[in-house]
Amino acid sequence: MAANLDPVVRETDAFAMHMEEDPLLRSTIVAVALFDGTPDWDVLVDRMERATRLAPSFRSLLVHPPLRLGPVRRVPDPDFDLGWHLRRVAAPAPHTLEEVINFACTSGMTAFDPARPLWEFTLVEGLTEGRSALVMKVHHSLTDGIGAIQLAQHVVDLQREPADPGPMPDVPPADRTSTARLAIDSISSNMSRTAAFAGDRLRRLPGDMVDLARNPIGAASRSLKVAGSIANFVRPVTHTLSPLMTGRRLAWRYLALDVPFAELRRAGHAAGGTVNDAFMAAVAGGLARYHDRHDQPVDELRVTMPVSLRTADDQEGGNHITLTRMVVPVGLDDPADRIRAIDRISQEWRHEPAIPYSNLIAGALNLLPQSVTGGMLKHVDFLASNVPGFRDSVYVGGARVTGFYPFGPTIGASANFTLMSYAGTCNVGVTADLGAVADPEAFIACLIEGFEEVLQLGGGQGNSSSRPT
């Protein structure tokens, strides 16, 4: 059975849509899955048809109500055509992974057609040694990394022979929506949301009043903490901390890196941190080296990191994250010190009182001119994200997935570093803005050195490497 489609887009997703008036702020996710063969096309088509029926947001359009009378809404696409979204092409000579990565990068820099659901998958066939790759391009409003893995479970198999997935779910209903109907629905939705918010506040009022009467100082203190946290959340950013990675332009370079998962986890634990802390410490160390190599040392950089708001009650797919901005040390020479410092900073941000209010904060930011909020995003130094993937090998249409490389959007920053664990390996995808990263070869070399340094904390040999082509 298909999940019910919530017609109202979350304010955080609407924020991402409004930002796309500036191409540098697009929220397009690209991922590249590598196969040891070529998936059976009919099986792939069947599985993708099934996945879109189970996640109807992938069969819906994002539309702005007239005069912005309400929030961005999802409207089922009455003309949905899977054949437009799922394609197959032959790899160009010399048929290596490098051509796939270049194709993926070009795709990532190309805007979606807003008249269609915001995703495109392309199977690239005819790579060397009989391999192939699936280039997946999805707008962030459709899903976050965890949601993407949930949806992928409807496409992959745990063995090479495709399993019988059972009856095909029904096609989600879709009707054409007139402008007048959209305006009426938006006004009705606004009234319902206002009533729901007022009702929620009235239900909480007695308890709030009792709390205020019993402990006025504590209640006032909590309110001040929330207010201060929200102010910290939206504090303007007027300059980059990096003296080197300051330029921005619509020209990207995708870079890929392999890191052993077990060694990275041991390194994090050895310093009292997590896999994510070790990942962040390695990226920080690589960035410090890159600045040193260009004679512009730096002690701290500003990073945007996602915090998951997903709960057990949320439907599969969907975007359930909020973005936090924090300043992390990159100039600490000892990688263990970097891990501990990053762990402390990350824990503080995950417990910020403003986190539960992130959707309301995004709604307020949506009222500001795009130039204001866009200017803030362009002064973030880098983005970083860690997505738990499949622990064991998976298959698609009889072909085994040998790697899964995510390339996140820069959203105005100099670079995005995204790690996805898969079958014992951390596949790291890097999106570098060439306006900020003028020397990408040195950039990836420094990043490899940063990972090698961290891996040695766990007794590893520091055997991270750039992905061969």
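Our subject is the structure that appears above.
Residues numbered from 1 in each chain as written. Predicted model: local features only at pLDDT ≥ 70, side-chain atom pairs only at ≥ 80, totals over all residues. Heavy atoms only, no water.

**A look at the overall build of the protein chain**
Next up, step 1: A tally of regular secondary structure across the protein chain gives 13 helices and 15 strands.
Next up, step 2: A buried classification covers 53% of the 469 residues belonging to the protein chain.
Next up, step 3: By sequence separation, contacts in the protein chain at least 24 residues apart represent 80% of the contacts at least 6 residues apart.
Next up, step 4: Carbon and sulfur atoms make up 56% of the accessible area of the protein chain, which amounts to about 20800 Å² in all. (Helix = DSSP H or I, 4+ residues; strand = E, 2+ residues; numbered from the N terminus. Buried < 20%, exposed > 50% of the residue type's maximum accessible area, 1.4 Å probe, protein only. Contact = heavy atoms within 4.5 Å. Areas by Shrake-Rupley, 256 points an atom, 1.4 Å probe, with all protein chains shown as cover.)

**Comments concerning the environment of Ala90**
Next up, step 1: Along the chain, Ala90 turns up in strand E4 (residues 86–90).
Next up, step 2: Under the relative-accessibility criterion, Ala90 is labelled exposed at 63%.

**Focus on unusual backbone geometry**
Next up, step 1: The omega torsion of the bond from Ala93 to Pro94 falls at 5°, within 30 degrees of zero and hence cis.
Next up, step 2: Tracing the backbone shows Pro94 in the loop between E4 and helix H4 (97–109).
Next up, step 3: Unusually for a residue other than glycine, Ile411 sits at a positive phi of about 45°.
Next up, step 4: Along the chain, the position of Ile411 falls in the loop between strand E12 (399–407) and strand E13 (415–422).
Next up, step 5: Within the chain, Ala423 stands out as a residue other than glycine whose phi angle is a positive 50°.
Next up, step 6: Following the sequence through the fold, Ala423 ends up in the loop between E13 and strand E14 (425–433).

**Description of the packing of aromatic side chains**
Next up, step 1: Taken as a whole and assessed by the stated rule, the structure comprises 7 aromatic pairs.
Next up, step 2: A centroid spacing of 5.0 Å and a plane angle of 90° characterise the contact between Tyr290 and Phe443, whose relative ring orientation is edge-to-face. Taken together, the positions of Tyr290 in helix H9 (residues 275–293) and Phe443 in helix H13 (residues 440–455) put the pair 153 residues apart, joining distant regions of the chain.
Next up, step 3: By the ring-pair criterion, three or more aromatic residues cluster together here, those being Tyr290, Phe382, Phe417 and Phe443.
Next up, step 4: The ring centre of Trp84 lies 4.4 Å from the NZ or CZ of Arg87, which sits over that ring.
Next up, step 5: Across from the ring centre of Phe112, 4.6 Å away, lies the NZ or CZ of Lys137, which sits over that ring. (Phe/Tyr/Trp six-rings, centres within 6.5 Å; stacked < 30°, edge-to-face > 60°. Lys NZ or Arg CZ within 6 Å of the ring centre and 35° of its normal.)

**Things to note about the environment of Gly435**
Next up, step 1: As for its placement among the helices and strands, Gly435 is situated in the loop between E14 and H13.
Next up, step 2: Put simply, Gly435 and Thr246 are 189 residues apart on the chain and 7.7 Å apart in space, counted from C-alpha to C-alpha.

**What about H4?**
Next up, step 1: With 13 residues, H4 extends 19 Å from end C-alpha to end C-alpha; this agrees with the ideal 18 Å at 1.5 Å per step.
Next up, step 2: Turning to H4, its buried residues number three or more, namely Leu97, Glu99, Val100, Ile101, Ala104, Cys105, Ser107 and Gly108.
Next up, step 3: Contacts made by the buried residues of H4 are with strand E1 (28–35), strand E5 (119–125), strand E6 (132–139), strand E7 (252–260) and E12. (Expected span 1.5 Å × (residues − 1).)

**A look at the nonpolar core**
Next up, step 1: Judged by nonpolar contacts, the single largest core of 50 residues is most densely connected at Leu264, Phe279, Phe382, Phe417, Phe443 and Phe451.
Next up, step 2: The biggest single contributor to this core is H9, with 11 residues.
Next up, step 3: Not counting the four nearest positions on each side in its chain, Phe279 is found in contact with Leu264, Ala384, Ser385, Asn386, Phe417, Thr418, Leu419, Val428 and Phe451.
Next up, step 4: Formed by 37 residues, the second largest nonpolar core is a distinct cluster that contains Val72, Phe121, Val394 and Val401. (Core = buried A, V, L, I, M, F, W, Y, C linked by side-chain atoms within 4.5 Å.)

**As for the side chain of Glu99**
Next up, step 1: Residue placement: Glu99 occurs in helix H4.
Next up, step 2: Among buried Asp, Glu, Lys and Arg side chains, Glu99 stands out as unpaired, with Arg131 the closest opposite charge at 8.3 Å.
Next up, step 3: Excluding its chain neighbours within four sequence positions, the residues that come into contact with Glu99 are Pro92, Ala93 and Pro94. (Lys, Arg positive; Asp, Glu negative; His and termini not counted. Salt bridge = Lys/Arg side-chain N within 4 Å of Asp/Glu carboxyl O.)

**Notes on the sheet that holds strand E11 (residues 395–396)**
Next up, step 1: One open sheet accounts for 6 strands, arranged E4-E5-E6-E1-E12-E11; its pairing is mixed. Of all strands in the sheet, those bounded by a partner on one side alone are E4 and E11.
Next up, step 2: Bridging between E11 and E12 involves 2 bridges; their strand directions are antiparallel. Residue pairing in the sheet places Tyr395 in a bridge with Arg400 of E12.
Next up, step 3: Contacts between helix H2 (residues 41–54) and the sheet are confined to E4, E5 and E11, with E4 contributing the most and set at about 150° to the helix.
Next up, step 4: The sheet contacts of H4 involve E1, E5, E6 and E12, and relative to E1 the element is tilted by about 160°. (Pairing = 2+ DSSP bridges. Axes fitted to C-alpha atoms, helices over the stretch in contact; angles between N-to-C directions.)

**Side note on the packing of H9 against H13**
Next up, step 1: Packing of H9 against H13 brings their axes to within 7 Å, and their N-to-C directions diverge by 135°. Regarding the angle of H9 to H13, the classification is oblique. The crossing of H9 and H13 is right-handed. For the pair H9 and H13, contact is made by Ala278, Phe279, Ala281, Ala282, Val283, Gly285, Gly286, Leu287, Arg289, Tyr290 and Arg293 and by Ala442, Phe443, Ala445, Cys446, Leu447, Glu449, Gly450, Phe451, Glu453 and Val454, respectively.
Next up, step 2: Residue composition of the contact of H9 with H13, grouped by class: 14 nonpolar, 3 polar and 4 charged. (Parallel < 35°, antiparallel > 145°, perpendicular 65-115°, else oblique. Left-handed = near helix turned anticlockwise from the far one by under 90°. Nonpolar A, V, L, I, M, F, W, Y, C, P; charged D, E, K, R; others polar.)

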